Amino acid sequence: LESMADCESAALDPRGENFDKVTILRFHAPWCKVCQTTSVAYERLAAKMDKAAAASSSSSSASASASARGVRFASANLTPKNPRVGELKEWFEVEGVPMGVFLHRGEVIGKVTLNRGNLSELKNRLE
């Protein structure tokens, strides 16, 4: 996501297809070493959940997790080259990176500083 408008269309618009899903919005920065180490794990988790959601929507299989169908992943790079991301940082009161903000039905339902440990826990909960 690159601006508040992107975020609104992705997770906050009640007419949008993702409004009823939990959106995990990851804030990161290119200079942050922890962001770099958690980036691959976050992206793999997002890809795995997207794949599970696609499989569950294309078949009536009960094996795909219910959680995977209701979770969306997004990222916002807090690079100084994109000043519009600053409004996202202010809106969600991001004080450090990497940070995960959990949204549901347009409301913040949680925040967590991301690290490899809690990404593993998140993965286990979503599976």
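In every chain, residue numbers begin from 1 and rise along the written sequence. Two thresholds apply to this predicted model, a pLDDT of at least 70 for residue-level local features and 80 or more for giving and counting side-chain atom pairs, whereas whole-chain, interface and lining totals are computed over all residues. Values reported for side chains reflect all heavy atoms of the structure, with hydrogen atoms and water molecules removed beforehand.

Visitor: Help me get a handle on the overall build of the chain, residues and values and all.
Guide: Secondary structure elements follow DSSP: runs of H or I of four or more residues count as helices, runs of E of two or more count as strands, with numbering from the N terminus. Assigned secondary structure in the chain consists of five helices and four strands. The linear arrangement of helices and strands in the chain, starting from the amino end, is α-β-α-α-β-α-β-β-α. In the chain, buried positions account for 40% of the 127 residues. Residue contacts are defined here by distance: any two heavy atoms, one from each residue, within 4.5 Å place the two residues in contact. Here the analysis covers contacts within the chain between residues at least 6 apart in sequence; of these, 68% occur between residues at least 24 apart. Summed over its atoms, the accessible surface of the chain is roughly 7400 Å², and 51% of this surface lies on carbon and sulfur atoms. For each residue, the accessible area found with a 1.4 Å probe, counting protein chains only, is set against the maximum for its type, and the residue is called buried under 20%, exposed over 50%, and partly exposed in between. Throughout, the Shrake-Rupley method with a 1.4 Å probe supplies accessible areas, and for residues the shown protein chains are the sole cover considered.

Visitor: Can you explain the environment of Val-108? Please cite residues and give values.
Guide: Relative to the helices and strands, Val-108 is located in strand β4 (residues 107-113). Along the sequence, Val-108 and Val-22 sit 86 residues apart, while their C-alpha atoms lie 9.7 Å from each other. Those residues in contact with Val-108 that lie beyond four places of it in its chain are Phe-92, Val-101, Phe-102 and Leu-103.

Visitor: Requested: an account of the sheet that holds strand β3 (residues 99-104), with residues and values cited.
Guide: Spatially, the four strands line up as an open sheet ordered β2-β1-β3-β4, and their pairing is mixed. Looking at the sheet topology across the chains shown, the edges are occupied by β2 (71-77) and β4. With direction set aside, neighbouring strand axes in the sheet form an average angle of 20 degrees. When DSSP locates at least two bridges between a pair of strands, those strands are taken to pair. Pairing of β3 with β4 involves six bridges; the strand directions are antiparallel. Within β4, the position partnered with Phe-102 by the bridge is Gly-110. An axis is simply a line fitted to the C-alpha atoms; with a helix, the fit covers only the stretch in contact. Between two such axes, the angle follows the N-to-C directions and lies from 0 to 180 degrees.

Visitor: Can you break down the packing of aromatic side chains residue by residue, with the values?
Guide: The geometry of an aromatic ring pair comes down to the distance between the two centres and the angle between the two planes. Ring geometry is summarised as follows: Phe, Tyr and Trp rings, the Trp one being its six-membered ring, pair when their centres sit within 6.5 Å, and such pairs are stacked at plane angles under 30 degrees, edge-to-face over 60 and tilted between the two. All told, the structure shown has two aromatic pairs when counted by the stated rule. On the numbers, 6.0 Å between centres and 55 degrees between planes, the contact of Phe-27 with Phe-92 is tilted. Within this pair, whereas Phe-27 is found in strand β1 (residues 22-28), its partner Phe-92 is found in the loop between α4 (85-91) and β3, the two being separated by 65 residues in sequence. Both residues of the pair, Phe-27 and Phe-92, belong to the buried class. Note on Tyr-42 and Phe-73: the rings are 5.5 Å apart at their centroids and 75 degrees apart in plane angle, and the pair reads as edge-to-face. Of this pair, Tyr-42 sits in helix α2 (residues 33-58) while Phe-73 sits in strand β2, placing them 31 residues apart in sequence.

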